[in-house]
Structure formats: C-alpha cells, structure tokens
Amino acid sequence: MRTTLKGRAGAVVSICALAAALAGCGGGSGSAKADGPVTLTFWGEAEGLSKQTAAWNAAHPDIQVKFTKVTLGYPDYQKIAAAVKAGNGPCVGQTDAEHLVTFASQGLVQDITKYAGKYQNLFTAPAWKAMSPGGTTYALPLSASPNFFAYRTDLYKKYGLTPPKTWDEFIAGGKKLRAADPKLKMMNYAPEDPSGFVGLVWEAGGNWYKQSGNGWQVTFTSPESLKAANVLQQFVDGKLLSSVSYSDPGVWKTWDDGGTLSMTTSTWQLPIYAKSFPKSDGKWAITTVPQYAAGESSTDSGYRGVTVYKGCKDPQQAVKFAAWLGGDKAPVGALADPNSGSGLFPALKDVTPYVADVAPKKMIPQSDAAQVITTAAGQVNAAWEFGPDYATMYQKMQTYWPKVLSGQLKVTDMLNEMQRFVVGDLKSQGINVVAG
Amino acid sequence: MAIEADRRRPVTTPEAARGAAPRAPRFGRRPGSPRTGATKGLLFSVPYIVGFLAVYVIPVGYTIVRGLYRQQRSGLGFGPARSVFVGLGNFVKIFHDGLFWTGLLRVALFGAVEIPIMLGLALLLALLLDGITARAVRLFRVGYLIPYVVPSVVAALIWLYLYSPEVSPINSTARHVGVTIDFFGPVTTYLTLGNVLVWEQIGFNMILIYSALQAIPRELYEAARIDGASERRIAWSIKIPNLRPVLVFTGMFSVINALQLLTEPFVLRLVGWKSISKDFTPMQMIYNAASAEGNYEYAAAMSTVLAVVTGILAFVFYRLTNRKVTA
C-alpha cells in the first residue's frame, strides 16, 4: 500500500517517462568552490519541499539549494540512477528506505556517516537504521509512515464488531462479517502490492535480510515470518480480503461504498482518503494495528530520507541541509501539516509539537487520533532491515502475490520460493550470503 | 521507449528504407560518368547511413555487448559494483528461464490467432471500402484510422476503464440482466486483449490494404466483368491475389508487433492481475528487469534473444507466405 498508491499513476506514466528520460534529465551536481557560496541541487517529490527550500535559501546565503520536483516510483528511481551514473544527477535527493538500498547497492550514494553521526540522536532508532543499510549511513531521515489500523465506525457497529486487538480477533470478526453478508470484507490487499504482508512480517519481528558480519543471513522462513504467513493464509482461506488494485479507477469505492470495512494504513495516505471517501467522511476511526498476542505492541513503518548522491562535491553542506529539512522545527512542522506540506510524519524521537493536525479531522473525528499515530510511531519493530537486492526481491514477490491472494499458492510455498530465489540472486552477484 | 516506435515502424522502419538504399546510385548515374554517379549516390545515402548507424547499429551493438556482462558486488553488496565479463552467462540463464520461454510461446500462440482475425477483418473492410462511393470512403477511412492514431497507452487506459471489475460500464449494464462478465478469466483474458489489439491495429492495416487495392489496374475488373464475373468473384480471384504482397508485408509486421507485445498487457494487468501476470510477455520481463530491478545486463541479453527469435519467425513467415506468390 505504501509504495503503490504512487505506483498507480506511476505505472502508466512510466512508459511515457521513458521517452522523457531520453530527452535528458537536466540538473547538475554540486559545484565545489574553495571559498564563497556553494549551490546544491535537490530532487524531491513531497508537497511543500519547494517552499521549505526557499526558506532555507533565505537563511543560508552560503549554501544555496536548487529544488526540482520529481516523481518517485520504481521507474523514476531508475531514471535518477541513470542520471547519477551519467554525472547529471542531483546532489541531494528524497528517497524511500527500500530504494536507498538499491542506490547503495549500485554505489550511487555517498557514505555520509562522519558528517551525519552527530544528528543520530534526533531521530528514532528504526528510522536511522533504515537510512543506514549495512551500518553505513547514506541518508538522513525525512519522515516516517507508521502503520496503524483504520475502520468504519458505522459498519463495525452495524455488524457488532469491535476493533480487533489481535489478528485472531480480526479473523473471528471477519468470519462473523461473512456470516452476515459473504460479500463484505475486512481489509483490502491489492494484487500488485505485497507490502501488507511485509508489514505483517515486520510486526512479527521478522527480518528477511539479517546482517551477520560481512554478509547476509536470508531468513524468509524464520519462525516470525511463518507466524505472519499463518495469519495471511487464514485471511485468504477465510475469504476475508478484497483484492482491488490501486490502479483500478474504482478502488476508493471499495471502502467508501462499505464493501471493505477496515484497513492498515499510514499517515501519508490519510489526505488521499480524506479526498476520496465522500460518502464515508467522518465515519472512520483509527487504532493501533492488531497484534499477534494480546498485550504486545509492535508495528511497521515506511521511512523516507534525504540522501547524498555520488558526484556531490559538497557532502558536508548537503548533510547540513538534509538534517535541517528532517530535523528542524520550522520545516518539520510545515511538512507535517497536511495543508501546507503533505502530512509527512516526522521521523524524530519527539514528535509532540507536530502531530496535532496530522489526521484529517473531517474523515477521522476522534479526538485522540494524533495520539494513536504517535503511539504507533513509537512501537515500530527495530528488527527489520532492507537487503541489497530488495528491489529485485520485491519484483519477484509481486509475481507470486496474486496467486497467493487467489489461494492458488500457499504463503509458505511463496516464502520457500523467495528464500531460494534471494539466496541465489545474492550469490550470483558475489554477495556473501548464508541461508538461515 | 520502443512502444510508440513499434507502432509506427511500418512507415519509418530502417528495413523498409534499406530496400531503397542500394538502388540510389542508379538514379544518379549519367552516361559517361559512372564514378560521379556513384559518389553522388553515396552522398545522397549519407544521411540515412549516419542515422542508421546512430539509432540502429550502435544501440544494437551496445545491447549485445552489455548482455555479455554482469554486475558483481562483494561483502554486503553496498558500494560501487564491478562490471564483469561473463561471456554467454546471461544467455545460458535465459535458456533455463522457463518464464521467458513461456511468455514467448504465449505471445506467439496468441499472435497466431489474433493476426489472421485482425488481417482478415482489415481485408474485408478494405474490400467493402473499395466498393463504395468516394465520399463515404473518406468518412470510413478516417473513422477506422482513429484508433491507430490514439497512442496505445491511452487506448489501453480507455479499455481499462471499460474492463475494470469495479467501474466497468459494460458490467454495470450487464448486471441488470443478472450477468457479470469476467473479462480476465483463463480464456476471456485473450479475447479481452485481442479485442483491444484488433481495435488498435485494424484501421492502419486496412488503409495499407486499401491503398494497394487502388494500385490494381481497373482494366482487370472491366475485363472480368465482360467475361461475366460477379463482384464477389472479382474480389476473390483478382483483388485478393493482387493483394498478396501487402498482406505479406502487414502480416510480417504484425508478427513482429505481436512478439514485442508490451503496452496493452502492461496497462490492462492493473485491473486484470488475476490472469495477466507481471511476466506475461517477454517485453514485460525485459521492462521489469531494466526499470524495476536495474538489471540492465539481463534485460539487454533478453532483448537480444527476443530480437533474434523475432527475426527468425519474421523470416520464416516471409519465406512461407512469399513462396505462395510465385507458386
């Protein structure tokens, strides 16, 4: 869900974008001058970045930043990679954690550990870890997207459901719902998007790429991963899920018409839902995600960061700017506001000054919405790591995913295949790997 | 990037131009100065040769060479990768890649059904168009050509709305009589895709066939009519045999297009994910390898293999169909 909402438009645009790639991407790397001001180029996507960059420029005449708005998705990241390889890339750029590893594995980003270290204490541990694959820092956190659970208050009441505290309760609720009307679903897992399952594994404390020394232990079939697989298999077997693609023009009706009653979701999606759910406006509430056992508290989160690309001649200044963007009160506050920014939830340890308006009140009238999200952000499981071939892995999983959702392939069979595939893929690239 | 080019290939293709190039010197030849003629001819060909090298030979060569390499990393896999020469390593991997060959077989079989239907309909429409008045011809010609003018991405998007399981107007109408059509069942998927492709391709092919019809000497029809032939007989015994070259030509390009199928399944799988997989066609696999995984070497090797297979099939098709002409 996290990546593919963008992918919806991106998939279609991508073909056209290829043509644009031929026309060249423009922009240049930062220029080094012995003295005098430096100019950094910055490519980003989030709403409000342009305004914040202007604010930075006004306050920092010696480090001028030139912002270019780009779109970010799978093909777009490849475009950026091509630009960086050709020496036409930007100096700093916004990136998701899962794409940062792809850049790092291609040697396209700079090791900024020595400049960035002093900012580490500002940010949450999982955010920092996501920006430091293999223990080397390549980016500074910009925002987090902690996962939480949203549900239709009117329909939960109508069918006698309570917000599930555990996945067992969720499954029981789903069965009750199906007994009332077999067409009703608990949640939607889009057929192109296994990120829901990634979230389940992450929440369980699983981690498919465990760093051990100078290599990776690949653990698709760890007990945590299998725990998540068991839950997902019950979703599928119990027919508790709808499977509407985010690319389907009618996707929002899935929830708005009341066919699907709940979702796991995150901050950045809320403004989109607020616009796309005209009928169910004000009938939503949020709570923390269901747990594997009562009393546990764990969830997953996406992270965005600002990275420094290869070829940037002023990495120190670049880091300074990135740390300001994701860590300073003024830009963080502005970007967190769904009206002036894009509802970017801060990746900071202390988020209290920023979150009051992070949930759209019209859609979610509950008074403690900000508290729920803040709690979720503090419960992100720290075990998860992104491996060097995450993009290839995800591609492969996407090919199995529709078969899993339609029940043609057992979740455990997919995991076994993934285990075999990833070990083989890493080996063929010369990367140290042990199967675990 | 090849998608748009593919559809226009019949008009701008280097292959088509290549046929004309060697003949160029003859036009420039003047009595008594054969060498000057040859030089002039060569000069005339230079723009073409330069373009051919720059946009065809060099990229193809680069693709083949790139396919002989593989990115190698070490340790954790972060940091700059080394490009390592692996010889035919990628090609051996493709040879064992069942998904690639399944995809290739899929588009080949699909094309074997879709192309005859599409060309048959295009031929029928061209013959009908040939039989009506000039003013009506203009109207129909434009009407049938419009789907071809629409970019294939846009066309696929239009059909995506019509086929969407959530908002399809076809289904919301059909539901009133208690019917729900599954556009992406095991068999219906191919009908769905085929419908889009026929819709897109029929107009252009019809125009080509219709143009060829105009080139047939009208005297032949008159002679046939004097001999008492019916219009149907004229179509069958005079028009169609004379259309063989253009049918071979359109057929061959349709074969090439079919094997390089990308846009339509790529877009339609957004709603038809149940049956159209991410690796439904070889071109989709190439696209994924390059654009999502950044594995340009494997994508390059797959492109080379696809080009060779396409070339062989197009050649076989050409030989088979051309033999009939001389027989």
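Residue numbering note: each chain is counted from 1, following its sequence as written. Chain letters and ligand numbers both follow the written order, the letters beginning at A and the numbers at 1. A pLDDT threshold of at least 70 governs which residues receive local features in this predicted model, and a stricter bar of 80 or more applies before side-chain atom pairs are shown or counted, although totals over entire chains, interfaces and linings include all residues.

*Asks:* Help me understand the overall build of chain A, please; the structure alone is not making it clear to me.
*Replies:* Per the convention used, a helix needs a DSSP run of H or I reaching at least four residues, while a strand needs a run of E reaching at least two, with both numbered from the N terminus. Within chain A, the regular secondary structure consists of 17 helices and 13 strands. Here the globule rule is a power law, 2.2 Å times the number of residues to the power 0.38, and the radius of gyration is based on C-alpha atoms. Against the 2.2 N^0.38 benchmark of 22 Å for 436 residues, chain A shows a C-alpha radius of gyration of 21 Å, consistent with a compact globule. Taking the principal axes of its C-alpha atoms as reference, chain A extends roughly 75 × 50 × 45 Å. Buried means a residue has 20 or more other C-beta atoms within 10 Å of its own C-beta, exposed means 12 or fewer, and partly exposed covers the counts in between; C-beta atoms are placed from the backbone. Looking at chain A as a whole, 54% of its 436 residues are labelled buried.

*Asks:* Help me understand the overall build of chain B in this model?
*Replies:* Across its full length, chain B carries 16 helices and two strands. Put simply, chain B has 327 residues, and 35% of those count as buried. Residues are defined as contacting one another if the C-beta atoms placed from their backbone atoms lie within 7 Å. Sequence-distant contacts in chain B: of pairs separated by 6 or more residues, those separated by 24 or more amount to 69%.

*Asks:* Would you mind going over the interface of chain A and chain B with me for this structure?
*Replies:* Accessible area lost upon the coming together of the parts is a frequently used measure of interface size. In this complex, chain A contributes 47 residues to the contact, which on the side of chain B involves 35 residues. Every element with two or more residues in the side of chain A that touches chain B is listed here: α1 (4-22), α3 (74-85), α4 (97-105), β8 (215-218) and α16 (390-405) of chain A. When residues of the side of chain A that touches chain B are assigned to their parent elements, the largest contribution, eight residues, is made by α1 of chain A.

*Asks:* Just to check I follow, could you spell out the domain arrangement of chain B for this structure?
*Replies:* Residues and elements named next belong to chain B. Assigned domains within chain B: domain 1 (35-85) and domain 2 (91-326). Here the limits of each domain have been adopted from an automatic or database domain assignment. Placing the centre of domain 1 and that of domain 2 at their C-alpha centroids yields a distance of 30 Å. Listed as interface residues are seven residues of domain 1 and, on the opposing side, six residues of domain 2. At the level of elements, α4 (34-66) and β1 (69-72) are the ones that each hand at least two residues to the side of domain 1 that touches domain 2. The classification used treats Ala, Val, Leu, Ile, Met, Phe, Trp, Tyr, Cys and Pro as nonpolar, Asp, Glu, Lys and Arg as charged, and all other residues, Gly among them, as polar. Grouping the constituent residues of the side of domain 1 that touches domain 2 by class yields two nonpolar, three polar and two charged.

*Asks:* I'm lost on the UniProt feature "domain: ABC transmembrane type-1" (unreviewed entry) in chain B in this one. Help?
*Replies:* Within the UniProt annotation, "domain: ABC transmembrane type-1" (unreviewed entry) is assigned to residues 104-317 of chain B. For residues 104-317 of chain B, helix accounts for 77% and strand for 0%, while the C-alpha atoms at its two ends are 16 Å apart. UniProt positions are given in the numbering used here, feature names are shortened, and annotations may be inferred rather than shown by experiment.

*Asks:* What am I meant to see in the environment of Ser222 of chain A here?
*Replies:* All names here are of chain A. Locating Ser222 in the fold gives a position in the loop between β8 and α10 (223-237). For Ser222, a count of 22 C-beta atoms within 10 Å gives the class buried. Through-space distance from the C-alpha of Ser222 to that of Trp268 is 31 Å; in sequence the pair is 46 residues apart.

*Asks:* Even after reading the chapter, I still don't get the sheet that holds strand β11 (residues 284-287) of chain A, so can you show me in this structure?
*Replies:* Strands pair in a sheet through their backbones, by hydrogen bonds, and they do so in one of two ways: parallel or antiparallel. All names here are of chain A. At least two DSSP bridges between two strands are needed for those strands to be called paired. If you trace the three strands from one edge of the open sheet to the other, you get β10-β5-β11, paired in antiparallel fashion. Strands with a single pairing partner mark the edges of an open sheet, and in this sheet they are β10 (262-265) and β11. The average undirected angle you get between the axes of adjacent strands in this sheet is 25°. Pairing between strand β5 (residues 148-152) and β11: four bridges, direction antiparallel. By the bridge assignment, Tyr151 is partnered in β11 with Ala285. Each axis is a line fitted through C-alpha atoms, and for a helix only the stretch in contact is used; angles between axes span 0 to 180 degrees, taken between their N-to-C directions.

*Asks:* Could you clarify how one ought to interpret the sheet that holds strand β13 (residues 433-435) of chain A in this entry?
*Replies:* Residues and elements named next belong to chain A. Pairing is mixed across the open sheet formed by three strands, whose spatial order is β7-β8-β13. The open sheet terminates on both sides in strands that have one partner only, identified here as β7 (209-212) and β13. Along the sheet, successive strands turn relative to each other by an average axial angle of 30°, direction set aside. Strand direction decides the pairing type here: β8 and β13, joined by three bridges, are parallel. Considered in β13, the bridge of Val218 is made with Ala435. Seen against the sheet, helix α17 (residues 411-428) touches β8 and β13 and runs at an angle of roughly 160° to β13.

*Asks:* What am I meant to see in the UniProt feature "transmembrane region" (unreviewed entry) in chain B here?
*Replies:* All names here are of chain B. Summarizing the sequence annotation, UniProt attributes the feature "transmembrane region" (unreviewed entry) to residues 42-64, 107-130, 142-162, 242-262 and 298-318 in the numbering used throughout. Within residues 107-130, the helical portion is 100% and the strand portion 0%, while the C-alpha atoms at the span's ends are 33 Å from each other. Between the C-alpha atoms that bound residues 142-162 there is a distance of 23 Å. The span itself is 90% helix and 0% strand.

*Asks:* Can you help me understand the confidence of the model for chain A in this one?
*Replies:* One rule of thumb: low pLDDT means the predicted coordinates there are not for detailed reading. Mean pLDDT over chain A works out to 89, with 92% of the residues at or above the 70 mark. Taken together, the stretch residues 1-34 of chain A has pLDDT below 50 and engages in 79 contacts with residues farther than four places along the chain or on a different chain. Here pLDDT means the predictor's own confidence in every residue, given as a number from 0 to 100.

*Asks:* Is there a simple way to think about the nonpolar core in this case?
*Replies:* In globular proteins that are soluble, nonpolar side chains generally tend to be buried together. Residues and elements named next belong to chain A. Formed by 132 residues in total, the largest nonpolar core has its most connected members in Val92, Leu100, Met131, Val308, Ala318, Phe321 and Ile373. For this core, the element with the most residues is α16, which contributes nine residues. Once residues within four sequence positions are removed from consideration, Met131 is found in contact with Ala97, Leu100, Thr137, Tyr138, Ala139, Leu140, Pro141, Tyr303 and Gly305. In this usage, the nonpolar core is the set of buried Ala, Val, Leu, Ile, Met, Phe, Trp, Tyr and Cys residues whose C-beta atoms join them within 7 Å.

*Asks:* Before we go on, may I ask you to explain unusual backbone geometry in this structure?
*Replies:* Excluding glycine, residues mostly have negative phi values, and the peptide bonds linking residues are mostly trans. Non-glycine residue Lys239 of chain A carries a positive phi angle of around 55°. Locating Lys239 of chain A in the fold gives a position in the loop between α10 and β9 (241-242).

*Asks:* I would appreciate a short explanation of helix α2 (residues 49-59) of chain A in the present structure.
*Replies:* An α-helical turn contains 3.6 residues, so any two residues separated by three or four positions project in the same direction. Residues and elements named next belong to chain A. Of all the positions in α2, only Leu49, Gln52, Thr53 and Trp56 are classed as buried. Down the axis of α2, the sector holding all buried residues measures 105°, keeping them to one side. Residues of α2 that are exposed and point more than 90 degrees away from the buried face comprise Ala54 and Ala58. Structurally, α2 contributes buried residues whose contacts are with β1 (38-44), β2 (63-69), α13 (315-327) and α14 (329-336). The arc in question is the one traced by the directions running from the helix axis out to the C-beta atoms.

*Asks:* So what exactly am I meant to see when it comes to the pairing of β8 of chain A here?
*Replies:* Within a regular strand, the side chains alternate between the two sheet faces. Residue and element names in this part refer to chain A. Of the two faces of β8, only one is covered, namely that formed by Trp216 and Val218; the face formed by Gly215 and Gln217 stays uncovered. The pairing of β7 with β8 spans four bridges and is classified as antiparallel. Paired with Ser212 across the bridge in β8 is Gly215. Here β7 hands over to β8 after two residues, with Gly213 in that stretch at a positive phi of 65°.

*Asks:* What am I meant to see in the confidence of the model for chain B here?
*Replies:* Residue and element names in this part refer to chain B. Of the residues in chain B, 88% reach a pLDDT of 70 or more, and the chain-wide mean stands at 85. Taken together, the stretch residues 1-29 has pLDDT below 50 and engages in 31 contacts with residues farther than four places along the chain or on a different chain. Both scores are available for the predicted complex, with the pTM at 0.82 and the ipTM at 0.77.

*Asks:* Before we go on, may I ask you to explain the environment of Pro37 of chain A in this structure?
*Replies:* All names here are of chain A. Mapped onto the fold, Pro37 is located in the loop between α1 and β1. The class for Pro37 is exposed, based on 12 C-beta atoms found within 10 Å. The sequence separation of Pro37 and Gln64 amounts to 27 residues, and the corresponding C-alpha distance is 7.1 Å.

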